[in-house]
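The chain contents come next:
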Amino acid sequence: MFTNIIVFAFTRPISSTRIEAEYLKEVDPQIYTLLNGELLTPPPEVDASLVEAAIIEAKQLEQYEQAQNNYSVEASQLEIINNHSRFENARIDRKWDKMHPRYKQRLLMVFKLMKERYGYELVLLEGYRSPVRQNMLSNNPNTTRARGYQSYHQFGLAADIAFKRNGKIVITERDPWAMHGYQLYGELAESVGLTWGGRWKSIQDYGHTEYRMPGLKKTKEMADKLLTEIEITVNNSNS
């Protein structure tokens, strides 16, 4: 798979943002090689109303299945719905500009491959997450057990995704098409060095990936440093 991605990168020219490309060439030669010195461009921000509709649909499906089968669903089975119910909160960041280049370009590569190889269109549900929001979410252990600066979201190194089908967002793994997509997504993400939440033991978060940057220490100081790097590359790219 890794070799296939290298071939893909070298045979599919993509638009370049030179400042960020030079940064990656210096600090992350592996991803720079995969991209052939070019950068992938993020897709437009997803419409919030589509996400809200997907949340409602997922909850309705869950309620229907509980009524039909008369059973109590375990926390792990509710993870996707619980995970994405949080997207109703106004603090959610669905933009790409607070995501670190080393993670962002890997994720965009997976977005592109999912579309061209398998026909799945991906959307970003949440990228950067503030420590305040992380602490709020950690109050529900079925959603996350990581507090502020314990999650890669605070470092711009994690994101949650969903799928878009026929103009609608699909977030629940109870949809067989979506569940198959999550499995493909996990395989591709791992092939470019990302960690996939679908393999976690306690809470399976199928739409989550993160880049465990070598040498990273989960501290406020490190988060501030990485966010500064992100800001510099964004500002230089736009100048």
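Keep in mind that what you see is a predicted model, and the values were worked out from it rather than measured. (Residues numbered from 1 in each chain as written. Predicted model: local features only at pLDDT ≥ 70, side-chain atom pairs only at ≥ 80, totals over all residues. Heavy atoms only, no water.)

(A) Inspection of the overall build of the protein chain at higher detail. What the protein chain contains, in helices and strands, is 9 helices and 5 strands. Overall, the protein chain shows an N-to-C arrangement of helices and strands of α-α-α-α-α-α-β-α-β-β-α-β-β-α. Restricting the contact set of the protein chain to residue pairs at least 6 apart, pairs at least 24 apart contribute 71%. Accessible area for the protein chain stands at about 11400 Å²; split by element, carbon and sulfur atoms hold 50% of it. (Helix = DSSP H or I, 4+ residues; strand = E, 2+ residues; numbered from the N terminus. Contact = heavy atoms within 4.5 Å. Areas by Shrake-Rupley, 256 points an atom, 1.4 Å probe, with all protein chains shown as cover.)

(B) Representation of the side chain of threonine 233. Here threonine 233 is to be found in helix 9 (residues 220-238). Apart from residues no more than four positions distant in its own chain, threonine 233 is found in contact with Ile19, Tyr23 and Pro101.

(C) Region of the structure containing helix 8 (residues 176-191). The terminal C-alpha atoms of helix 8, which comprises 16 residues, lie 23 Å apart, in line with the 22 Å expected from a rise of 1.5 Å per residue. For helix 8, every residue scored as buried is listed here: Ala178, Met179, Gly181, Tyr182, Leu184, Tyr185, Gly186, Leu188, Ala189 and Ser191. Capping the start of helix 8, aspartate 175 holds a side-chain oxygen 2.9 Å from the backbone nitrogen of tryptophan 177, two or three residues further along. Remark: glycine 193 follows helix 8 within two positions and exhibits a positive phi of approximately 90°. (Expected span 1.5 Å × (residues − 1). Buried < 20%, exposed > 50% of the residue type's maximum accessible area, 1.4 Å probe, protein only. Polar contact = N/O pair within 3.5 Å; in protein donor to acceptor, adjacent residues only side chain to side chain.)

(D) The packing of helix 6 (residues 101-118) against helix 8, seen in detail. At a minimum axis distance of 10 Å, the contact between helix 6 and helix 8 shows a crossing angle of 130°. One finds that helix 6 runs oblique with respect to helix 8. You can see that helix 6 and helix 8 cross each other, and the crossing is right-handed. Along the contact surface, helix 6 presents Leu107, Val110, Leu113, Met114, Arg117 and Tyr118, while helix 8 presents Gly181, Leu184, Tyr185, Leu188 and Ala189. (Axes fitted to C-alpha atoms, helices over the stretch in contact; angles between N-to-C directions. Parallel < 35°, antiparallel > 145°, perpendicular 65-115°, else oblique. Left-handed = near helix turned anticlockwise from the far one by under 90°.)

(E) Spatial organisation of the pattern of salt bridges. Applying the stated criterion to the full structure yields 14 salt bridges. Of the charged contacts in the structure, one is a salt bridge between lysine 112 and glutamate 116, with a shortest N-O distance of 3.4 Å. Taken as a pair, lysine 112 and glutamate 116 lie in helix 6 at a separation of 4 residues, close to a single helical turn. We classify lysine 112 as partly exposed; its relative accessible area is 22%. Exposure remark for glutamate 116: the relative accessible area of 38% places this residue in the partly exposed category. One salt bridge connects glutamate 126 with arginine 129, and the closest N-O pair in it is separated by 3.2 Å. Among the residues examined, glutamate 126 registers a relative accessible area of 0% and is labelled buried. (Salt bridge = Lys/Arg side-chain N within 4 Å of Asp/Glu carboxyl O.)

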